[in-house]
Amino acid sequence: MESNPEIQNILFANKQTFVLLLTAGFGLLVGRIIRTMFKVLAYAIAVMALILLALQYLGLIYIVVNIDFLYDITQWIYAQSRNLGVAEHLFFWVPMIYGLRQKRILGIL
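Note that the coordinates shown come from a computational prediction; the quantities given were computed from them, not determined experimentally. (Residues numbered from 1 in each chain as written. Predicted model: local features only at pLDDT ≥ 70, side-chain atom pairs only at ≥ 80, totals over all residues. Heavy atoms only, no water.)

Draft legend 1. Main features of the packing of helix α3 (residues 67-84) against helix α4 (residues 87-102). Between α3 and α4, the least distance of the axes is 7 Å, while the angle of their chain directions is 120 degrees. By the angle between their axes, α3 is oblique relative to α4. On the side of α3, the interface is formed by Thr74, Ile77, Tyr78, Ser81 and Arg82, while α4 contributes Ala87, Leu90 and Phe91. (Axes fitted to C-alpha atoms, helices over the stretch in contact; angles between N-to-C directions. Helix = DSSP H or I, 4+ residues; strand = E, 2+ residues; numbered from the N terminus. Parallel < 35°, antiparallel > 145°, perpendicular 65-115°, else oblique. Contact = heavy atoms within 4.5 Å.)

In structure tokens form, the structure reads like this:
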């Protein structure tokens, strides 16, 4: 591919175009960094959960699940999703499709 000085002049001579290119590149870089941070955080949480489950299995700690708290959180999520209009999808279609996928009934998903 040959270097075309006209294209270089169009891209780099105009300050607004150059700033736009830098902003887009910086945005992609920041997005990739944030995605990597979320992956690392998710893996760290998973490792901590597995460590806690192993300690409970060994009998060194005892984990108690607060059912009332889970009930309150579920009610709040349902109320917020109903306000947004996605309660039927969140509490019916998504679990049903996931269950069918896990049982390999739906071969296409």
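Picking up where we left off.
Draft legend 2. Molecular detail of the confidence of the model for the protein. Per-residue pLDDT for the protein has a mean of 82; in total, 86% of the residues score no lower than 70. Model confidence for the protein, summarised as mean pLDDT per element, is weakest for helix α1 (residues 5-13) at 69 and strongest for α3 at 90. (pLDDT = per-residue confidence, 0-100.)

Draft legend 3. Geometry of α3. If you check α3, its first and last C-alpha atoms are 26 Å apart, about what 18 residues at 1.5 Å a residue would give, namely 26 Å. One side-chain oxygen at the N-terminal end of α3 lies 3.3 Å from the backbone nitrogen of Asp68; it belongs to Asn66. Directly after α3, the chain includes Gly85, whose backbone phi takes a positive value near 85 degrees. (Expected span 1.5 Å × (residues − 1). Polar contact = N/O pair within 3.5 Å; in protein donor to acceptor, adjacent residues only side chain to side chain.)

Draft legend 4. Focus on helix α2 (residues 15-58). In this model, α2 (44 residues) spans 64 Å end to end at C-alpha, consistent with the 64 Å of a helix rising 1.5 Å per residue. Where α2 terminates, the next one or two residues include Gly59, which has phi positive at roughly 85 degrees.

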